[in-house]
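# A structural walkthrough
Residue-level listing of the chains:
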Amino acid sequence: MLELRHRGGCPGPGGAGPPPPREGEAAGGDHETESTSDKETDIDDRYGDLDSRTDSDIPEIPPSSDRTPEILKKALSGLSSRWKNWWIRGILTLTMISLFFLIIYMGSFMLMLLVLGIQVKCFHEIITIGYRVYRSYDLPWFRTLSWYFLLCVNYFFYGETVADYFATFVQREEQLQFLIRYHRFISFALYLAGFCMFVLSLVKKHYRLQFYMFAWTHVTLLITVTQSHLVIQNLFEGMIWFLVPISSVICNDITAYLFGFFFGRTPLIKLSPKKTWEGFIGGFFSTVIFGFVAAYMLSKYQYFVCPVEYRSDVNSFVTECEPSELFQLQSYSLPPFLKAVLRRETVSLYPFQIHSIALSTFASLIGPFGGFFASGFKRAFKIKDFANTIPGHGGIMDRFDCQYLMATFVHVYITSFIRGPNPSKVLQQLLVLQPEQQLNIYKTLKTHLIEKGILQPTLKV
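Residues numbered from 1 in each chain as written. Predicted model: local features only at pLDDT ≥ 70, side-chain atom pairs only at ≥ 80, totals over all residues. Heavy atoms only, no water.

Formally: UniProt positions are given in the numbering used here, feature names are shortened, and annotations may be inferred rather than shown by experiment.
You'll find the chain entered in an unreviewed UniProt entry as Phosphatidate cytidylyltransferase, with Nyctereutes procyonoides given as the organism. In the Subcellular location (unreviewed entry) part of its UniProt record, the chain is described as follows: "Membrane". Quoted verbatim from the Function (unreviewed entry) heading of the UniProt record, the comment on the chain is "Catalyzes the conversion of phosphatidic acid (PA) to CDP-diacylglycerol (CDP-DAG), an essential intermediate in the synthesis of phosphatidylglycerol, cardiolipin and phosphatidylinositol."

The structure is reproduced here in structure tokens:
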């Protein structure tokens, strides 16, 4: 690490020594200035050691305790550690997938709560690592401020979601109308309060470290809260935009592990020595096939393809609509070499299946780099896993490190290639306007439709 520490001035041409005295100043310098400089240098020597620390100086975090259930330990006691880990990961993976299916069955609202819970747990795991590494410095208010900023950022993002998708419900509640109207100002005021608390908590001997941890908290918020907000935005576009990307990442994780476990011979990347080229390539082809088949299965049902909307009359989320062209079977001409193989001219596909190839490709080729990034982070702090929440898997962040990168891609993909004007959202915004504004919009729209010949002009009597 480069050492950029003040030592009485910039070096001269020879690489050392203070700058020459200024005009009118004695060569020896003022005694008071010299005393002050000595004091600053002494403080820098005592408390500036953080800048000169290398990776080998990072204090080691105690290894997490094994939380594997005793019944599994006894059942697998006769196996080698390699196969024991394989069975533990397999059993826990099937358990998590089963719970995931149950939550899907329970509906969109439960999926949103699941995303929120995962977000909070991931934030907790990353912040806890920072606290364990630097707790010997006894930083004031570090954990309190970290959780306060998490609350502020969640208030901002979820408030934006309420304003966008629950306009009709908000219109009936006066208290909510006030909160939504001044939502961004309230959010900024809350953040500003936390910012001021941080400034007031600064301790002279810990300046550098406190700013490091301030940045640590904000980068953690960027990784967890922002991405989970995008996951929920994707969910509102239709549950299929939530399920196919997430299940593609899960499929790639599982199949890459299986191919690597049984056939892996060639190391893929130094950051993660257990990853192999065989697992990477096998995971890619398996994920593309899985995504294509999953897209076909889910595109048949309104429950998965319709945008998630809140209906104030029934006070719940509904997924009812006329499926868009994206989820209606269409005929596609096959290229010549496939016509000879399949002995048919055309094939019927849902257009979303074609998009699923792009999603699956990203999940299998780029998504793993989120895992490599997490591996580098863990190596930097000499830890094996973010936590020991799930036996055989590590922490929640260990399982969702690739999902956050995938969420951003899906959101960008939807806004760039899929999303068009949303009539339901426009109508919700119109309903919160004043009657005079609604009437003006009605007259303007009516005139526009008459000019285009869609409506007949009204005959005046």
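Further notes follow.
## Things to note about the overall build of the chain
Quick note on the threshold: Numbered from the N terminus, helices here are DSSP runs of H or I no shorter than four residues, and strands are runs of E no shorter than two. Throughout this description, buried means an accessible area under 20% of the type-specific maximum (1.4 Å probe, protein chains only), exposed means over 50%, and partly exposed covers the range between. Contacts are assigned to residue pairs that have any heavy atoms within 4.5 Å of one another. Methods summary: accessible areas were calculated by the Shrake-Rupley approach with a probe of 1.4 Å, and residue burial reflects only the protein chains presented.
The helix and strand inventory of the chain stands at 18 helices and six strands. In the chain, which comprises 461 residues, the share counted as buried stands at 36%. Here the analysis covers contacts within the chain between residues at least 6 apart in sequence; of these, 70% occur between residues at least 24 apart. Working note: accessible area of the chain is about 28,100 Å², and carbon and sulfur atoms make up 64% of it.

## Some thoughts on the pattern of salt bridges
Our working rule: What makes a salt bridge here is a side-chain nitrogen of Lys or Arg within 4 Å of a carboxyl oxygen of Asp or Glu, nothing more.
Inspection of the entire model under this criterion finds four salt bridges. A salt bridge links E160 to R184; the shortest N-O distance between them is 2.9 Å. Taken together, the residues span a long stretch of sequence, with E160 in helix α5 (residues 142–165) and R184 in helix α8 (residues 183–200) at a distance of 24 residues. A salt bridge links K378 to D398; the shortest N-O distance between them is 2.7 Å. Residue K378 is found in helix α15 (residues 368–380), and its partner D398 is found in helix α16 (residues 396–418); the two are separated by 20 residues along the sequence. Of the two residues, K378 and D398, both sit in the buried class.

## Describing the state of the cysteines
Put simply, the rule is: By definition, disulfides here are pairs of cysteine sulfur atoms that lie within 2.5 Å.
For the structure shown, the criterion picks out one disulfide. The disulfide that involves C306 links it to C321, with 2.0 Å between the sulfurs. Given an S-S torsion of about -90°, the disulfide between C306 and C321 has left-handed geometry. Residue C306 is found in the loop between α12 (302–305) and β3 (309–311), and its partner C321 is found in the loop between β4 (316–318) and β5 (330–333); the two are separated by 15 residues along the sequence.

## Remarks on the packing of helix α4 (residues 108–134) against α16
Rules: Every axis in this analysis is a line fitted to C-alpha atoms, fitted for helices over the stretch in contact. Angles between the N-to-C directions lie between 0 and 180 degrees. Angles are sorted into four bins: roughly parallel if under 35 degrees, roughly antiparallel if over 145, roughly perpendicular if 65 to 115, and oblique for all others. Note on convention: near helix rotated counterclockwise from far helix by under a right angle means a left-handed crossing. Clockwise means right-handed. By the convention adopted, Pro, Cys, Tyr, Trp, Phe, Met, Ile, Leu, Val and Ala count as nonpolar, Lys, Arg, Asp and Glu as charged, and the other residues, Gly among them, as polar.
Put simply, α4 and α16 touch, their axes get as near as 10 Å, and they point 115° apart. Taken together, the axes of α4 and α16 are roughly perpendicular relative to one another. The crossing of α4 and α16 is left-handed. Taken together, the residues of α16 that come into contact with α4 (itself represented by I118, Q119, K121, C122, E125 and I126) are I396, M397, F400 and Y404. Of the residues in the contact of α4 with α16, the class split is seven nonpolar, one polar and two charged.

## Some words on the environment of W83
Looking at the secondary structure, you find W83 in helix α3 (residues 81–106). Residue W83 is classed as partly exposed on the basis of its relative accessible area, which comes to 34%. Residues W83 and F261, 178 residues apart in the sequence, show an inter-C-alpha distance of 10.0 Å. The contact partners of W83, leaving out residues within four places of it in the chain, are F261 and F262.

## Re helix α11 (residues 277–298)
Each α-helix winds once per 3.6 residues, and so residues spaced three or four apart point in a common direction. We count it as follows: By this rule the span expected of a helix is its residue count minus one, scaled by 1.5 Å.
Counted at 1.5 Å a residue, the expected span for α11 with its 22 residues is 32 Å, and the 31 Å between its end C-alpha atoms agrees. Burial in α11 covers these residues: G279, F280, G282, G283, T287, G291, A294, A295 and L298. Buried positions along α11 lie against α10 (239–263), β1 (267–269), β2 (272–276), α12, α14 (351–365) and α15.

## Some remarks on the side chain of Q210
As for its placement among the helices and strands, Q210 is situated in helix α9 (residues 207–236). By relative accessible area, Q210 is classed as buried at 4%. With sequence-adjacent residues up to four places away left out, Q210 is seen in contact with L139, P140, F198, S201, L202 and V203.

## Focus: the nonpolar core
In plain terms, the rule: Here, nonpolar core means buried Ala, Val, Leu, Ile, Met, Phe, Trp, Tyr and Cys residues that are tied together by side-chain atoms lying within 4.5 Å of each other. As annotated, the domain borders come from an automatic or database domain assignment.
The biggest cluster of nonpolar side chains holds 39 residues, and the ones touching the most others in it are L111, I240, W241, F242, L243, F352 and L359. Of all elements in the fold, only α3, α4, α9, α10, α11, α12, α14 and α16 reach the threshold of two or more residues within this core. In terms of residue count, the dominant contributor to this core is α10 (eight residues). A domain split of this core shows at least three residues from each of domain 1 (66–106) and domain 2 (108–422). Counting 33 residues, the second largest nonpolar core, distinct from the first, contains F149, W216, I396 and Y404.

## Focus: unusual backbone geometry
If you check the backbone angles, R343 has positive phi at about 60° while not being a glycine. R343 sits in the exposed class, given a relative accessible area of 78%. Phi is positive for K382, close to 55°, though the residue is something other than glycine. Take K382: it is sitting in the loop between α15 and α16.

## Concerning the layout of surface pockets
For clarity, the cut-off: A cavity here means a set of points on a 1 Å grid, drawn over the protein atoms and nothing else, where a 1.4 Å probe fits but cannot get out; a pocket is an open set with protein on both sides within 12 Å along at least five of seven lines, and a residue lines either one if it has an atom within 4 Å of a point. Grid points are joined across faces, edges and corners, and a volume is the space filled by probe spheres set on the points.
One number sums up the size of the second largest pocket: a volume of about 900 Å³. What lines the second largest pocket is a set of 37 residues, and nearest its centre among them are M96, I97, I250, R399 and F400. Considered class by class, the residues forming the lining of the second largest pocket number 27 nonpolar, seven polar and three charged. Looking at which domains feed residues into the lining of the second largest pocket, each of domain 1 (66–106) and domain 2 (108–422) supplies at least three.

## Quick look at the UniProt feature "transmembrane region" (unreviewed entry) in the chain
UniProt marks residues 141–158, 178–200, 212–232, 238–264, 276–298 and 352–374 with the feature "transmembrane region" (unreviewed entry), using the numbering shown here. Secondary structure content for residues 238–264 is 93% helix and 0% strand, and the end C-alpha separation is 37 Å.

## Points about the packing of aromatic side chains
Test applied: Any two rings among Phe, Tyr and Trp, with Trp reduced to its six-membered ring, count as a pair given centres within 6.5 Å; such a pair is stacked if its planes are under 30 degrees apart, edge-to-face if over 60, and tilted if neither.
One pass over the structure, following the stated rule, counts 30 aromatic pairs. Considering the side-chain rings of Y257 and F261, the 5.9 Å spacing of their centres and the 35° angle between planes classify their relative orientation as tilted. Highlighted residues: Y257 and F261, both in helix α10, separated by four residues, approximately one helical turn. Since its relative accessible area comes to 25%, Y257 is described here as partly exposed. Assessed through its relative accessible area of 11%, F261 is described here as buried. Taking the centre distance of 5.5 Å and the plane angle of 40° together, the rings of F327 and F352 count as tilted. With a gap of 25 residues between them, F327 in the loop between β4 and β5 and F352 in helix α14 connect regions that are remote in the sequence.

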